[in-house]
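These are the residues of each chain, in order.
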There are 2 protein chains.
Amino acid sequence: MSLGQEPPQRLKSSLSYHGRKFRFEVSQLRLPNGAIGYWECIRHPGGALAVPVTAAGQLVLVRQYRFALCGRLLEFPAGTVEPDEAPLVTIQRELEEETGYHADRWQLLGKFPLAPGYSDEFIYAYLAQDLHKLEVPPTRDEDEDIEVVLLSPADLEKAILAGEAIDAKTICSFFLARPHLG
Amino acid sequence: MSLGQEPPQRLKSSLSYHGRKFRFEVSQLRLPNGAIGYWECIRHPGGALAVPVTAAGQLVLVRQYRFALCGRLLEFPAGTVEPDEAPLVTIQRELEEETGYHADRWQLLGKFPLAPGYSDEFIYAYLAQDLHKLEVPPTRDEDEDIEVVLLSPADLEKAILAGEAIDAKTICSFFLARPHLG
């Protein structure tokens, strides 16, 4: 059966915390197989990600500070979808904010669940082409600590297989994009 | 700088909830770039995953019910690391519980952060080979609702690129395993 067709039965809600980007819920549930228990869940509006490719075939990534990991990760540009926003609108804005590039050509590569054990977040991954540098890039969110990094697809693949600090959504989106890269 | 080297300064802790598999924290932080605010974070012991390959070259996956997504996902066998447990011990147990297969040969493929925007979880991905079916498989956790699925690497790649419901840790681990698959 496809996703969304088998909701658990919610017996009781014991905690609901509204965070800056998602809601954290704890509920007593009855699962389709009859199991009853308390489960924690992140209710997330979704993330939108770009695999930006320059005319020269370079990928545009960011090296971004992540407080949860006390360090910096190599990632594709991405952002949290705002309420009632289309993921494509989110990532068109985030690409400009995080990298200073604008893309004229967009193509949905796919969507995938990020952490299905405890979150309903989907990542919407787009191929972004026909890039040009903005003369005046928009200002970033003040909490963002980002450096733009250009890599060839071959060098990104080497970095992933060599175990460099690269996150799941970036590895997945690169996999989805490879058939479209030169 | 490498991960773990740049902790944020914790100014205040405003919520800490101990869930069944992770801790949920809300803290006021000062980031290395000076930004101050409240951030939510999942403190997770990590997940361990197997890419199990049969002698015939088939991949062993599970189709698993996920309450957060109200449906079933195709995933590699995986489980949450218990306190003070080595990830390899976790996945050796989970592989037997979820699939009824035992593997004699294990190799670490890599580790990657799953959702660095709000979680410190790493997935430890292992290649599992020299499989044999257990005559008496261990009993599963009662909340697990799982069906074993065998697929060729080519068919899994087709399913991923066709947009079947497959999660990030499974796509990433397949990418890391491909150089080792026939």
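Per-chain numbering applies: the sequence of each chain, read as written, is numbered from 1 onward. To label them, take the chains in the order written and letter them from A, then take the ligands in the order written and number them from 1. Owing to the predicted nature of the model, reporting of local features is limited to residues with pLDDT of at least 70; listing and counting of side-chain atom pairs is limited to 80 or more, with chain, interface and lining totals taken over all residues. Each side-chain value is worked out from all heavy atoms of the structure, with water and hydrogens disregarded.

**Structural notes on the pattern of salt bridges**
Opposite charge on two side chains lets them pair, provided their charged atoms get close.
Residue and element names in this part refer to chain A.
Here comes step 1: Salt bridge, as used here: a side-chain nitrogen of Lys or Arg that lies within 4 Å of a carboxyl oxygen of Asp or Glu. Inspection of the entire model under this criterion finds 30 salt bridges over all chains.
Here comes step 2: A salt bridge links E157 to R178; the shortest N-O distance between them is 3.2 Å. Residue E157 is found in helix α2 (residues 153-161), and its partner R178 is found in the segment after α3 (168-177); the two are separated by 21 residues along the sequence.
Here comes step 3: Three labels apply to residues, based on accessible area from a 1.4 Å probe with only protein chains included: buried if under 20% of the type maximum, exposed if over 50%, partly exposed otherwise in between. Since its relative accessible area comes to 24%, E157 is described here as partly exposed.
Here comes step 4: For R178, a relative accessible area of 25% gives the class partly exposed. Put simply, DSSP H or I for four residues or longer makes a helix, DSSP E for two residues or longer makes a strand, and each gets a number counted from the N terminus.

**A short note on the domain arrangement of chain A**
Here comes step 1: Here chain A is described as being made up of domain 1 (9-43) and domain 2 (47-112 + 121-180).
Here comes step 2: Boundaries between domains were set according to an automatic or database domain assignment. A C-alpha centroid distance of 31 Å is found between domain 1 of chain A and domain 2 of chain A.

**Considering the relation of the copies chain B and chain A**
Here comes step 1: The copies were overlaid by least squares, fitting only the C-alpha atoms of residues that reach a pLDDT of 70 or more in each copy. Overlaying chain B with chain A gives an RMSD of 0.0 Å, the required rotation being 180 degrees about an axis along which the chain moves by 0.0 Å. Here the two chains are linked by the operation of a two-fold rotation axis. Closest to the rotation axis within chain B is the C-alpha of C172 of chain B, separated from it by 2.7 Å.
Here comes step 2: A symmetric contact is evident, with 100% of the interface residues of chain B recurring at the interface of chain A. Two residues form a contact once any of their heavy atoms are found within 4.5 Å.

**A few points about the interface of chain B and chain A**
Here comes step 1: Contacts between the two partners involve 69 residues from chain B, matched on the other side by 69 residues from chain A.
Here comes step 2: Buried surface at the junction of chain B and chain A, both sides included, amounts to about 6000 Å², of which 67% is carbon and sulfur.
Here comes step 3: By buried area we mean how much accessible surface two parts lose on assembly, using a 1.4 Å probe and totalling the loss over both. When residues of chain B are sorted by the area they lose upon contact with chain A, F67, Y118 and F175 of chain B head the list and together hold 13% of the total.
Here comes step 4: Applying the counting rule to chain B against chain A returns two salt bridges.
Here comes step 5: Whenever two N or O atoms come within 3.5 Å, that pair is a polar contact, provided that in protein one can donate a hydrogen and the other can accept it, and provided that, for residues adjacent in sequence, both atoms are side-chain atoms. Joining chain B to chain A, the criterion identifies 24 residue pairs in polar contact (both at pLDDT 80 or more).
Here comes step 6: Those elements that provide at least two residues to the side of chain B that touches chain A are β1 (9-18), β2 (23-30), β3 (36-43), β5 (59-66), β6 (71-75), β8 (101-113), α2 (153-161) and α3 (168-177) of chain B.
Here comes step 7: Top element by residues in the side of chain B that touches chain A is β3 of chain B. It accounts for eight residues.

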